[in-house]
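# Inside the fold
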2 protein chains.
Amino acid sequence: MLEEQLLDRLRQIVGQHGVLSQSNELYAYSIDATPLLQSMPDVVVLPQTTQQVSEILRLANEHRIPVVPRGSGTNLAGGTIPVHGGIVLNMTRFNQIYEIDEKNLTVTLGPGVVTAQLHQAVEAVGLFYPPDPGSMRISTIGGNVAQCAGGMRGLKYGVTKDYVMGLEYVLPTGEVLRCGGKNYKDVAGYDLTRLLVGSEGTLAVITELTLKLLPMPETKRQLVVFCSKMVDAARIVERTVAAKIIPATMEFLDRETMKVVDDYSKLGLPKDVAAMLLIEQDGSEEQVVRDVERIAEIARQEGAVGVEMAKTPEDGAKLMMARRSALAALSRLRPTTILEDATVPRSQLGEMVEAVSRISEKYRVQICTFGHAGDGNLHPTCMTDERDREEIERVEKAFEEIFTTALQLGGTITGEHGVGLSKMKYLPQRVGDGGMALMKGLKAAFDPNGILNPGKVIANGAPKRVVVRHP
Amino acid sequence: MLEEQLLDRLRQIVGQHGVLSQSNELYAYSIDATPLLQSMPDVVVLPQTTQQVSEILRLANEHRIPVVPRGSGTNLAGGTIPVHGGIVLNMTRFNQIYEIDEKNLTVTLGPGVVTAQLHQAVEAVGLFYPPDPGSMRISTIGGNVAQCAGGMRGLKYGVTKDYVMGLEYVLPTGEVLRCGGKNYKDVAGYDLTRLLVGSEGTLAVITELTLKLLPMPETKRQLVVFCSKMVDAARIVERTVAAKIIPATMEFLDRETMKVVDDYSKLGLPKDVAAMLLIEQDGSEEQVVRDVERIAEIARQEGAVGVEMAKTPEDGAKLMMARRSALAALSRLRPTTILEDATVPRSQLGEMVEAVSRISEKYRVQICTFGHAGDGNLHPTCMTDERDREEIERVEKAFEEIFTTALQLGGTITGEHGVGLSKMKYLPQRVGDGGMALMKGLKAAFDPNGILNPGKVIANGAPKRVVVRHP
C-alpha cells in the first residue's frame, strides 16, 4: 500500500481522475491475457503527457516504487502482471496519431494507439503497417513495441522491430530522451532504438514512436491446402520457399485445431485431414496469381488432398479470420487455455509439430497446435483447468519438454510473445549464463534501481505460476 | 611496445606466422581507408579459431592491452585506427562460408569472408544478400556487420542490420557466447544481436555470423534521369515514393561528380545538367517494366531534361558501375579525398544538397555530392590536400556546418560509415548527453576494462585529425 502522501503527489501530477486506487479499480490491472497469473498493483496511474510520465518516474525512482508500463494488457507471458505491486502506468491516454508522413513513409504516434486503428489510418492513404499480432483489435502499439509483437506476416515482412525507426522514452530518473528518427540509414552510436524494442517495459517507458510504413500491396490472394499428414504440410512450406516464393502468410492448423475452429466458425472444413495450410500472397496482380498457382502446383505434387483458392476477397478474408479465431475457438473447450509460443527454424517445423503431439500424449494433456508455418513460430495451445493442480503440473512438465525440444532443434523459447514471467525460467537455457549477465548489465545501465517492471525477463528466481497478492 | 614475454605468449596462441611485430609489417595496420588518420599498433595478430580469439582477449584483458578487431580496413570513419596502440586483431583468416541453408534461407560464415564473395556464393544458388557497400569487393562481412554497412539498396532492402540473424562473439574475458540463430522470430530477452551490429568492435569480437538471405529477384532494369536543377531530381524521388513505388536503388550525382565520373568512365554524360538520377528496380518482369515506365513518366512530368532506359543488362551494369566509380574518380583530382556521410529524411534531400553547395562556397572548398537519394544518405566528398593546414581547417569547418545542418533537418551525422574516430565529436549532438551516458553504460556491461577498440565511438575527448604514433 502506498502512503497517502505519495498518492496525493501522483494526483497532483496527473489530476484526480488519472489515479485509480480503489480495490475494485485495481483488480482489472492485477491480471493480463495470461492465464494463472495475478498480482494486485497498489495504484494505477494514467498519464497524458510525457512530462507527467517523467514526473511519475522520478517520484517512483526516488521512493523505489515498482512501475509496470501497460497498454491493453493483451500479452500472453505475464509481462504486465505487477508482481511486486507498485504503480501500473496505463499508457492508453497516449492514443493520438500525430503524423502520417507520406513523403518519408513514416507514422508518428502515441504508444496508446490501438494497433488496428493504426492499420486503418495508414491504409486510408494507401500505406501499410505489416505487423498484425493476434490481439491487434485490442492491443496498443506501445505494447506491441515493448513485446516486439509478431503476427501472420513475419516470413515476408518481419515483425515489429523491423518497423520501429524512432522513439521518445523516459528513464527512471525522469530524463526524456529520443533515439532514431526518420532516417532510413543511421549508424550514430549503438542501436538504442532496437534495444528498447522487445525490452518489455524493463528499460524505459516509451512515450512516442515513429514507425516505418510500406506502400500497400496492390492485391492479395489466399489459398487453402489440406494434407493427410503433417509432414506433407511442412514439406509444402519448405518447397515453396525453395522455389524462391516468399508468401505474405503461411499459417497452419493441426487436425484438432481445425475441428474446433470449424465447430466455431462453420466453414465446412474436411474432417479426415491431418493439417491445413492457409496461404496468402500479396503484390502485383500478375505476381500474386503466378505465385499462388505455383504454390498450388507444389502442394498437389507433395500429396495435398485438397487445394482451394479463395474465389473472392471476401472468401479469402473469411479463411484468414478462421485462423484468427483459433484461440477464441479453443478457449471455449475447457476453463483454462494456455497458448504457447515455441519457435524453430522453418526447416524443423514438421519435426517440432510431431514432438508436440508426442509430448501431449506422454503427459496426457490436450494440446492443439497452430501457428505461423512460414516462420517456424508454433502456438501449441493447451486446454486445461487451473483448479486441477495435478493436471496443471502435467501441463507444466509438457511445456517444459516442448521448450527443451525447441531449443534442441535450434529454436527459441518465445517467437513473439516475450519472456515476461512465463518464460523466465527458460531464458538462461536459451541465452546462457553469459547472455544473462550481459542483459543484467544492460538493465543496470538503464534502470540501476530496478524499478521498471521488476521481477520480469531477467530477474532472479523462477516465476510462480499463480501469484495472488492483495495490497 | 609490448614486452617480449607477451609477444611470445601471443605466438604460442596463434603460431609464429600469426604474429606481426616488425615496423614494416605494422605500418599497413596504422591506417585504414580514412584519410588524415594514422597510429601504429604494437602488434598484429591473425587468429584462425574462436578458441584463439578467446585466449588473445583473455590475455589482453588481463594486461589491459587495447584490441582493435579489423577486417580489410575499408571503413571511412577511422574505426580501425589503433589510436592507443596495442593489438590489431586481423580477422581475415576467418574466411570460410560454413553453410548456405536453402531451407531456412540463411548463410553461416566467418567474419573474414569478403562481401563480394558472399554475394557470389549465394547468387550461385539463386539467393540474394542485398547489402552492397561501396567497398564490397574488398570489405569483409565482419567489418560490414561491425559498422552496419549500407549500400545502394537501402530504401527497398534496408542495410546490414536487417540481415544479421545470429552471431558467435567473444567478450574481453574470453567468454564465447552466441545470440540469435536461424529463427525468423525470437524475442527471448534483449536483442543482443542487433546491439552488436554497428558497435564498431567496441563491445565484443564477432567470430561467426548467420545472415538472412532472400530469393534472387527475377530481373532488374535501370533508368537514368538528367535534371537541370537539383530540386527537380529531389522532387522526382519524392513523387516516385508517393506513387507507392519503392525502387531497389535511387542514386544521384551532382554536376561536379558527373563531370569527374564522365572523365573517368567515358560514358558521354551530358555536360549541361545539374544532376542525374540512376534508378534500378528489381522484381518480376511485368512489375519491373511497369515501375520503370511509371518512374520515367513522373520524371518527364517533373521537368527532367533527359530520361533513358538501359537497353540491355550490360548497359544497366555499366551505369551502376559509373556510380560505383564516383569515389575512385573524385579521388584522382587532388591529393586528399574526404568522403562524408551526412543523412537526412528523404523529404529533406533537395534542401540538404543545396545546403552542401552553399557551405562549400562559403568555405571555398571543393565538395562534390553524390549518394543514395532514395534513403536520404548523401556523400558530400571534399577534394583537398592534407599538407595545406589552412585549407584543411576550412574543410573541417565546412563539414561541421554540414553535420549541424543535417541534424537541423532531422538527419544524422552518419548514415552508413559509422562513428569511429571521425564522428566522435558530433555524436553527443546527435544522441544527447542522456544517450551518451546510456551508451557508456552498455559499453561497460560488455567491456568493463575498455580494452576493445578504445578511443572510438563513445570515448571521451575529441578526435585528433592526424594522429601519428610510433611504438
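Residues numbered from 1 in each chain as written. Chains lettered and ligands numbered in written order. Predicted model: local features only at pLDDT ≥ 70, side-chain atom pairs only at ≥ 80, totals over all residues. Heavy atoms only, no water.

### Remarks on the sheet that holds strand β8 (residues 164-170) of chain A
All names here are of chain A. Going by this rule: A pair of strands is treated as paired once DSSP finds two or more bridges between them. Starting at the N terminus, helices and strands are each numbered in turn, a helix being any DSSP run of H or I of at least four residues and a strand any DSSP run of E of at least two. Helix axes use the C-alpha atoms of the stretch in contact, all axes being lines fitted to C-alpha atoms, and the angles between their N-to-C directions lie in the range 0 to 180 degrees.
Sheet architecture is open: 5 strands sit in the order β5-β6-β10-β8-β9, paired in antiparallel fashion. For this open sheet the edge positions go to β5 (97-101) and β9 (176-180), each flanked by a neighbour on one side alone. Averaged over all pairs of adjacent strands, the angle between strand axes in this sheet comes to 15°, irrespective of strand direction. Where strand β6 (residues 106-109) lies against strand β10 (residues 205-212), 4 bridges are found, and the strand directions are antiparallel.

### Remarks on unusual backbone geometry
Of note, Arg364(A) is a non-glycine position whose phi angle comes to about 50°, a positive value. One non-glycine residue with positive phi stands out, namely Arg64(B), at about 55°. Within the secondary structure, Arg64(B) is located in the loop between α3 (50-63) and β3 (67-70).

### A few points about the sheet that holds strand β8 (residues 164-170) of chain B
All names here are of chain B. For the record, the criterion: Working rule for contacts: check all heavy atoms of both residues, and any pair within 4.5 Å makes them a contact.
Strand order across the open sheet formed by 5 strands is β5-β6-β10-β8-β9, with antiparallel pairing between neighbours. Every interior strand has two partners, whereas the edge strands, β5 (97-101) and β9 (176-180), have only one. Neighbour-to-neighbour, the strand axes of this sheet turn through a mean angle of 15°, independent of strand direction. Where β5 meets strand β6 (residues 106-109), 4 bridges bridge the pair, whose relative direction is antiparallel. Bridge pairing in β6 places isoleucine 97 opposite leucine 109. Those strands touched by α3 are β8, β9 and β10 (205-212), and its axis lies near 50° from that of β8. Against the sheet, helix α4 (residues 115-123) contacts β5, β6 and β10, and its axis sits at roughly 40° relative to β5.

### What about the packing of aromatic side chains?
The cut-off we apply is this: We call Phe, Tyr and Trp rings a pair once their centres come within 6.5 Å, taking the six-membered ring for Trp, and we label the pair stacked below 30 degrees between planes, edge-to-face above 60, and tilted otherwise. The cut-offs for exposure are 20% and 50% of the maximum accessible area for each residue type, with area from a 1.4 Å probe on protein chains only; residues under the lower value are buried, those over the upper are exposed, and the others partly exposed.
Following the criterion strictly, the structure yields 8 aromatic pairs over all chains and no others. Between the aromatic rings of Phe128(A) and Tyr157(A), the centroid separation amounts to 5.2 Å while the plane-to-plane angle is 90°, which identifies the pairing as edge-to-face. Here Tyr157(A) lies in helix α6 (residues 154-157) and Phe128(A) lies in strand β7 (residues 127-128), a separation of 29 residues in the sequence. Each member of the pair, Phe128(A) as well as Tyr157(A), is classed as buried. The interplanar angle of 25° and the centroid separation of 6.3 Å between the aromatic rings of Phe399(B) and Phe403(B) together place this pair among those described as stacked. Of this pair, Phe399(B) and Phe403(B) both sit in helix α14 (residues 389-408), 4 residues apart, which is roughly one turn of that helix. What links up through ring pairs into an aromatic cluster is the set Phe399(A), Phe403(A) and Tyr426(A).

### What about the relation of the copies chain B and chain A?
To be explicit about the condition: The fit set for superposing copies consists of C-alpha atoms from residues with pLDDT of at least 70 in both; the fit itself is least squares.
For the pair chain B and chain A, the superposition axis carries a translation of 0.0 Å, the fit reaches an RMSD of 0.0 Å, and the rotation angle comes to 180°. Here the symmetry operator amounts to a two-fold rotation axis. Across chain B, the rotation axis passes nearest the C-alpha of Leu442(B), at a separation of 2.8 Å. Interface overlap between copies is the fraction of interface residues in one copy that are interface residues in the other; for chain B against chain A it reaches 100%, indicating a shared surface.

### Thoughts on α3(B)
All names here are of chain B. Spelled out, the test is: Under the convention used throughout, the expected extent of a helix is 1.5 Å for every residue step, that is, one less than its residue count.
The terminal C-alpha atoms of α3 lie 20 Å apart, and with 14 residues this matches the ideal 20 Å at 1.5 Å per residue to within 8%. Taken as a whole, α3 has its buried residues at Thr50, Gln52, Val53, Ser54, Ile56, Leu57, Leu59, Ala60 and Asn61. Immediately downstream of α3, the backbone of arginine 64 shows phi near 55°, a positive value.

### Here's the deal with helix α14 (residues 389-408) of chain A
Residue and element names in this part refer to chain A. Its 20 residues give α14 an end-to-end C-alpha distance of 29 Å, which sits within 8% of 28 Å, the value for a rise of 1.5 Å per residue. Within α14 the residues assigned to the buried category are Glu391, Ile392, Arg394, Val395, Ala398, Phe399, Ile402, Phe403, Thr405, Ala406 and Leu407. Looking at the buried positions of α14, the neighbouring elements they touch are β16 (336-339), α13 (349-362), β17 (366-372), β18 (377-384) and α15 (427-446). Glycine 410, located one to two residues past α14, shows a positive phi value of around 80°.

### Here we look at the packing of α15(A) against helix α15 (residues 427-446) of chain B
To keep things clear, this is the line we draw: Throughout, the term roughly parallel applies to angles under 35 degrees, roughly antiparallel to angles over 145, roughly perpendicular to angles from 65 to 115, and oblique to all others. Crossing handedness follows the turn of the near helix against the far one: under a right angle anticlockwise gives a left-handed crossing, and clockwise gives a right-handed one.
Closest axis-to-axis distance for the α15(A)/α15(B) pair is 8 Å, and the angle between their directions is 155°. Between α15(A) and α15(B), the angle falls in the class roughly antiparallel. For α15(A) against α15(B), the interelement crossing comes out right-handed. Every residue of α15(B) that contacts α15(A) at Leu438(A), Gly441(A), Leu442(A), Ala445(A) and Phe446(A) is listed here: Leu438(B), Gly441(B), Leu442(B), Ala445(B) and Phe446(B).

### Here we look at the packing of helix α1 (residues 4-14) of chain B against α3(B)
Residue and element names in this part refer to chain B. How we decide: Lys, Arg, Asp and Glu make up the charged group, whereas Ala, Val, Leu, Ile, Met, Phe, Trp, Tyr, Cys and Pro make up the nonpolar group; the residues left over, Gly among them, are polar.
Look at α1 against α3: their axes get within 9 Å of each other, and the N-to-C directions meet at 165°. Here α1 lies roughly antiparallel to α3, going by the angle between them. In the crossing of α1 with α3, the sense of the turn from one axis to the other is right-handed. Facing α1, whose interface residues are Leu6, Arg9, Leu10, Ile13 and Val14, α3 presents Gln52, Glu55, Ile56, Leu59 and His63. Its residues assigned to classes, the contact of α1 with α3 comprises 6 nonpolar, 2 polar and 2 charged.

### Things to note about the interface of chain B and chain A
Selection rule: Summed over both partners, the accessible area lost on bringing two parts together, with a 1.4 Å probe, is the buried area. For this analysis, a salt bridge means a side-chain nitrogen from Lys or Arg found within 4 Å of a carboxyl oxygen belonging to Asp or Glu.
The interface of chain B with chain A comprises 82 residues on the first partner and 82 residues on the second. Summed over both partners, the interface of chain B with chain A buries about 6400 Å², with 59% contributed by carbon and sulfur atoms. A per-residue breakdown of the area chain B buries against chain A is headed by Lys185(B), Val187(B) and Tyr190(B), which together make up 16% of the total. Linking chain B with chain A are 16 salt bridges, by the criterion used here. A salt bridge links Glu416(A) to Lys185(B), with the nearest nitrogen and oxygen atoms 2.9 Å apart.

### Focus: the domain arrangement of chain A
Residue and element names in this part refer to chain A. Defined as follows: Domain delimitation in this document rests on an assignment produced automatically or drawn from a domain database. Residues adjacent in sequence count toward polar contacts only when both atoms are side-chain atoms; beyond that, a polar contact is any pair of N or O atoms within 3.5 Å, and within protein one must be able to donate a hydrogen and the other to accept it.
Looking at chain A, the domain boundaries give domain 1 (4-90), domain 2 (97-215), domain 3 (219-326) and domain 4 (333-424). For domain 2 versus domain 4, the separation of C-alpha centres amounts to 28 Å. With 9 residues of domain 2 at the contact, the number on the domain 4 side is 9 residues. Carbon and sulfur atoms supply 43% of the area that domain 2 and domain 4 bury against each other, a total of about 590 Å² over both sides. In terms of surface lost to domain 4, no three residues of domain 2 exceed Gly151, Leu155 and Glu200, which account for 60% of the buried area on that side. Along the contact surface separating domain 2 from domain 4 lie 0 salt bridges. At the junction of domain 2 with domain 4, the criterion picks out 6 residue pairs in polar contact (both at pLDDT 80 or more). The residue makeup of the side of domain 2 that touches domain 4, split by class, is 4 nonpolar, 4 polar and 1 charged.

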